[in-house]
Amino acid sequence: MKRNFLLALASIITFTLSAQHNTIQTKIIDKSSKKPVEFASVRLLSGKDSTYVSGLTTDSTGLVTLKSIKNGNYTIGVSMVGYNNYFQNIRIADKDVLLPTIEIEEDSKLLKELEVTGTSLQVVAKGDTIEYNAAAFKTEQNAVVEDLLKKMPGVEITSDGKIMVNGEEIKKVRVDGKKFFGNDIEMSTKNIPADMIDRIQIVDQRSEMSQLTGFDDGETERIINLTIRKDKKQGVFGNVQAGAGLDLNPEFRYDANSFLNIMNNEVRSTITAGANNTNTMRSGRGRGGFFGGGRSGITATQNVGYNINSPLSTKTIIGGDVTFNHSDNLVISESERENYLQDGIFKNNSQNFSNKNNYQGNLRLEVEWKPDSLNTFIFQPNMGFTRSFSNSKSDYLYLMGNDSTSWGETDNWSNGLDINGGLNVIYNRKLSKPGRTLTTQINANVSQSEDNGMNISEKSTNDSTILLNQKNTNRSESFNFGVRMSYVEPLGNSKNHFLESVLSFNGNLRNSDRSIFDRDNNGNYDVKNSEYSNEFKNNFFKESLELNYKFVNPTYNMTFGLTAEPSQTYSTRTNSNNIVVPLKNEVINFAPIARLQYNFAKRNFARLDYRGRTNQPSINQMQPVKNNTDLMNETVGNPTLNPEFNHFLRLMYTKFNATSLSSFSVGMFGNLYKDKLTTNSIYDNKTGKRYIQTINSKETPYNANIFTMYNQPFLKKFNFSNRLSMGVRQQYGYTSRNENLENIDLENLILGDLSSTIRYNTSENISLSFTHEIVDVALNGGINYSNSQNNFNTKNTETYDWTSGLNLGLRPTKKLTFTSTMNFTKQSGYGDFNPSQLIWNAGVELNSFKGKGVLSLKVFDLLRQQQNIIQTVGENYIEFSSNNALPAYFLAGFTYKINKFKGGNDKDRETLENMNNNQQWGPPHPNAPAGRGAGRPMFMPL
């Protein structure tokens, strides 16, 4: 009896223990994009009364494991902000359960029902993502992504080619969340056809390491993600176009480009090649420090590139690209500059000529290998070269009041070669406890450059003339490396609380050798000028220790932490007497880390971000040697510089109203700088010559910007948008005059008087558009106002930019399209440059060859009024400049479209494209056929 009782008790205990060790494992992915969904809430509910049993959130791979589950009937539920809830009944019976992958889909019911034939919604604010519907913006048949961006509210393409979204600069573009020619924005925006795009998303892109750890590492950037239309993801898509014409001079103008995309779902290859002399920079590489856009001279470019993203297997994905670019840029400009001093103003008027030729090649590879569910390896090698040639000339006149102090001219030539390469490796290991990870990143980069040049200059004053004829050689080498280790630990048994500890070490080893040779009486350059020659070695090291806490749930999440960043700078300089002088600098910075996001509803959220970062001075700012390339602006390095520390803060709030379809965003971001790298300028009282040195500001400069954006569709085919922004920038510099600079010690340059410049700016822009299949019209108008004040100048500098525009598209037949764009600008307050200009571009397109070809004729600047006026506000100066512009011209062109897709002929494809163009953004009308209006894919970065 006793024996039977013990056997029964043992059986019960064994059964109970086994029942308590069952596990449930599954993976959560987005139904449309098939990408993992991180931080989705997974709950296990009792099958009897739906009471809570267990639960946690998914990791960065979408995986979730529920442990110690007893036998019985359950319901597993999945919820995530912006998605429909998911429920599934399961049964546990003495064994672990491996559920098939769970696909959750976006909650499209939040959008108001629209008629299938109605207009498309332009903008939706979804959490911290702003999403534009490409189909809602009508463009020319040959339009590219940049043409789409120019039509979107809140998006601005600046005069120097930067993409600004609500005041923030976009520095990267991704295609379906994947890298496309690295960080070369123009390869995406100026090559990809507009009709290939489904959505344009403005999102926060985290680094690869941040995506693996789940914690922000300070490398998060605001980027653009382009999502490709679903019907163009299997096949060959692209076009080949060529155009030729004349400008007013008359000179021959040409523009040719080819873009071929080969896609088979996740396997994608892109080939692009182009050449033009119409200021169209289709690649950001090869510029060599200049921008070839319409407001900076005239530029001819040639480029070729190949990009690939492909999974080799279920465990390995490869990507990368190779490019070659050439740019030839010619700029002719004149400028007016006022330099503010405590007891007067130096004025500088100049005429400048610059011609730059740059050749650049780059190779980038990326391999992601996941040998199993616990380990992830990422390898990212790269290499490249730049070959550059330049020639610049300048005539200048300096005045003190109305009296001339100096005048002269400079002529400089240079040619250089830069070679670089690097490797970045990331390893992530998921440990035994769910949520516990160890991630290591190792990177190294090496570069070597040599630049040879000539400097022929002449400067005259009322009592002297200086002639300069020198040859210069600049050689530099650098090697930088870094190691970053992150350990993430879930706190206790909670699946919502995490602690990260980070240790990192970075180093940058730099050598620079500058040699100047004067021309002797025999015409040879054999005499080394010891005053302007110098060899400099600089080693910079930075350590970082971080401790971060993170809490996550579907309603809100937050991260708080503290970072300590000590840094050391060790330098040696060798002067003309071969005397080695050691230099040492050590600083430590502390910065809190904070991020708080609260989701009021599925499309209503608020977020706060704060981070700090150390920025190292450049080798040119530190090398203690004079540079006399410009006789009126002589610079000398400062080896005692501390690195500057930047505090960054951003606040955001967005709301999308599902009833009115209105979208509202408001945001504020700003920077505060400690040890800001600024300029100390000492002027020669007699000539106006300036001696310049970079120093650390004793004051604390800052900048802040606030914006609001409102978008409202109405009457099915109209859309109204309004954007208001206000900003302030406080800058500090040091400047003064000196009566006698003949014996000045440039290595210990005297500190000038504090110059404080504050600039206020505000802008208001409104637009109204009407979209129809036959005609589309867009009106826009705005004003940009700025007010700059300097403590040395009692007069405020105010500028006004009044703008208005009209975009018209007319399609009387399916084959014929007329386009007209008119933009009027009135500028005032720009010194002697106060232009009014009306830029009118027009074109006509005709479909031919059964829809495979497009004949076009385009005329640019019909009224011949293009002018390029730019204002620059510095620490202690304001400058206005006018640059040469591309003359009015016309192009006659032909485009051949390549559309070969899987599963249909050209006629079927044309029918499908028409359906996609008419399909609405959101759920279908109740009477529409089933299957229409599917939810859009979520952006999940690699």
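Every value quoted in this text rests on a predicted model; they were computed, and no experiment measured them.

Asker: Hey, could you run me through the packing of aromatic side chains in this one?
Answerer: Aromatic rings considered in pairs are described by the distance between their centres and by the relative angle of their planes. Scanning the model with the defined rule gives 20 aromatic pairs in all. Measuring from ring centre to ring centre gives 5.9 Å for Phe481 and Phe505, while their planes differ by 45 degrees; the resulting arrangement is tilted. Pair noted here: Phe481 is in strand β27 (residues 465–490) and Phe505 is in strand β28 (residues 497–518), with a separation of 24 residues, a long-range link. Judged by its relative accessible area of 32%, Phe505 falls in the partly exposed class. Taken together, a centroid distance of 4.9 Å and an interplanar angle of 65 degrees make the contact between Tyr598 and Phe600 edge-to-face. Under the relative-accessibility criterion, Tyr598 is labelled partly exposed at 37%. Within the aromatic cluster, the residues linked to one another by ring pairs are Phe479, Phe481, Phe505, Phe541 and Tyr570. Here the guanidinium or amino end of Arg337 rests over the ring plane of Tyr877, the centre of that ring lying 3.6 Å away. A cation over a ring is seen here: Lys676 above Tyr673, with NZ or CZ 4.1 Å from the ring centre.

Asker: Can you walk me through the side chain of Asn642 in this structure?
Answerer: For Asn642, the position within the fold is in the loop between β35 (633–636) and β36 (644–656). Taking the relative accessible area as the measure of exposure, Asn642 reaches 17% and is therefore buried. What Asn642 contacts, discounting residues up to four positions off in sequence, is Asn585, Val587, Pro617, Asp675, Leu677 and Asn696.

Asker: What am I meant to see in the sheet that holds strand β5 (residues 72–79) here?
Answerer: Pairing between sheet strands relies on hydrogen bonds along the backbone, with the strands arranged either parallel or antiparallel. If you trace the four strands from one edge of the open sheet to the other, you get β3-β2-β5-β6, paired in antiparallel fashion. Bordering the open sheet on either side are β3 (52–57) and β6 (86–92), each of which pairs with just one other strand. On average, adjacent strands in this sheet sit at an angle of 20 degrees to one another, irrespective of strand direction. In the sheet, strand β2 (residues 41–46) pairs with β3 via five bridges, with the strands oriented antiparallel. Each bridged residue has a counterpart across the sheet, and for Ser41 the counterpart in β3 is Thr57.

Rules behind the numbers
Residues numbered from 1 in each chain as written. Predicted model: local features only at pLDDT ≥ 70, side-chain atom pairs only at ≥ 80, totals over all residues. Heavy atoms only, no water. Phe/Tyr/Trp six-rings, centres within 6.5 Å; stacked < 30°, edge-to-face > 60°. Helix = DSSP H or I, 4+ residues; strand = E, 2+ residues; numbered from the N terminus. Buried < 20%, exposed > 50% of the residue type's maximum accessible area, 1.4 Å probe, protein only. Lys NZ or Arg CZ within 6 Å of the ring centre and 35° of its normal. Contact = heavy atoms within 4.5 Å. Pairing = 2+ DSSP bridges. Axes fitted to C-alpha atoms, helices over the stretch in contact; angles between N-to-C directions.

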